[in-house]
Amino acid sequence: MSATDSPNAPASDADAPVIAAFWRVLASQGWHRLSMREVAAEAGITSAELRRRFTTPHSILVAHARAVDSAVLAGTVDDPHSTPRDRLFDAIMRRLDELQPHREGVLRLLRDLPGAPLTALFLAAKTDASMAWMLEASGIGASGVRGLARIKGLCLVWLEALRAWSRDDSPDLSGTMAALDRALDRADRAARLLGLGEAPVQMPEETPPEPV
């Protein structure tokens, strides 16, 4: 198993060209015709080097998810004057900003997912882990049964924001921001109704597992 395939291995800066090449090939070929050989050629490396670093297209998706998580967490500012909702809004928009350079590839994957149910299930599990980190970064607990309910709720918010982003051609993503704002409002009302309102993060030993 290579370092990139290890469950706890972070995406490295050296992975960025491969990830970018992966999305370019996916945009042109689609998920079902994606060739790792073409990804290697697009990235300017040999197939042997690509195999050493990544075993499957799914492992490249995992590396990209970790890179996005890390970028969002690194950009999170602990502002005592902001609310957890404000921080969640910023975190989701930063996630979309990280997807923007690979927009065509991401949109092609979204179009192809209905025909790839196993990949859709795979990505759903990764999304749960990422949303747990978004909650933690925003100062909202993501542990236990209540935390799991919050994660599932934020996944719905993320999917709604992603759908809006997929249709939003505006340079400032104003349509996406408006849709995200509405989705967070609905999630907030639902959370309060179910008694899942904002809660402080737990102690370090109770933080969510690393995305796998």
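Treat the numbers as computed from the prediction; the structure is a model and nothing was measured.

Here we take up the layout of surface pockets. The space that makes up the largest pocket amounts to roughly 630 Å³. Lining the largest pocket are 26 residues, with Leu110, Leu123, Thr127, Trp158 and Leu162 positioned closest to its centre. Elements supplying a minimum of two residues to the lining of the largest pocket: helix H4 (57-74), helix H5 (84-99), helix H6 (103-112), helix H7 (117-137) and helix H8 (144-167). A total of 8 residues in the lining of the largest pocket trace back to one element, the largest contributor, which is H7. Partitioned by chemical class, the residues of the lining of the largest pocket number 18 nonpolar, 4 polar and 4 charged.

This part is about unusual backbone geometry. With phi around 55°, Leu173 is a residue other than glycine that occupies positive phi space. Locating Leu173 in the fold gives a position in the loop between H8 and helix H9 (174-193). With relative accessibility at 6%, the residue Leu173 sits in the buried group.

Summary statistics for the protein chain give a mean pLDDT of 87 and a share of 85% for residues scoring 70 or more. Scored below 50 in pLDDT, residues 1-10 makes 23 contacts in the model with residues more than four places away or belonging to other chains. Scored below 50 in pLDDT, residues 199-212 shows 29 contacts in the model against residues more than four places distant or in partner chains.

Our focus in this paragraph is the packing of aromatic side chains. Going through the model one piece at a time under the given rule, you end up with 1 aromatic pair. Between Phe22 and Trp23, the aromatic rings sit 5.1 Å apart at their centres with planes inclined by 70°, giving edge-to-face as the arrangement. A relative accessible area of 5% means that Trp23 is categorised as buried. It is Arg95 that lies over the ring of Trp158; its NZ or CZ is 5.4 Å from the centre. Note that Arg103 overlies the ring of Trp165, its terminal NZ or CZ placed 4.7 Å from the centroid.

Bringing the packing of H5 against H8 into the picture now. As a packed pair, H5 and H8 sit with axes 11 Å apart at the nearest point and diverge in direction by 45°. The angle between the axes of H5 and H8 places the two elements in the oblique class. At the point where H5 passes H8, the crossing takes the right-handed sense. When H5 is examined against H8, the residues Leu88, Ile92, Arg95, Leu96 and Leu99 are found in contact with a partner set consisting of Leu154, Trp158, Ala161, Leu162 and Trp165. Residue composition of the contact of H5 with H8, by class: 9 nonpolar, no polar and 1 charged.

Rules and cut-offs
- Residues numbered from 1 in each chain as written.
- Predicted model: local features only at pLDDT ≥ 70, side-chain atom pairs only at ≥ 80, totals over all residues.
- Heavy atoms only, no water.
- 1 Å grid on protein atoms, 1.4 Å probe; cavity = no way out; pocket = protein on both sides within 12 Å on 5 of 7 lines; lining within 4 Å.
- Points joined across faces, edges and corners; volume = space filled by probe spheres on them.
- Helix = DSSP H or I, 4+ residues; strand = E, 2+ residues; numbered from the N terminus.
- Nonpolar A, V, L, I, M, F, W, Y, C, P; charged D, E, K, R; others polar.
- Buried < 20%, exposed > 50% of the residue type's maximum accessible area, 1.4 Å probe, protein only.
- pLDDT = per-residue confidence, 0-100.
- Contact = heavy atoms within 4.5 Å.
- Phe/Tyr/Trp six-rings, centres within 6.5 Å; stacked < 30°, edge-to-face > 60°.
- Lys NZ or Arg CZ within 6 Å of the ring centre and 35° of its normal.
- Axes fitted to C-alpha atoms, helices over the stretch in contact; angles between N-to-C directions.
- Parallel < 35°, antiparallel > 145°, perpendicular 65-115°, else oblique.
- Left-handed = near helix turned anticlockwise from the far one by under 90°.

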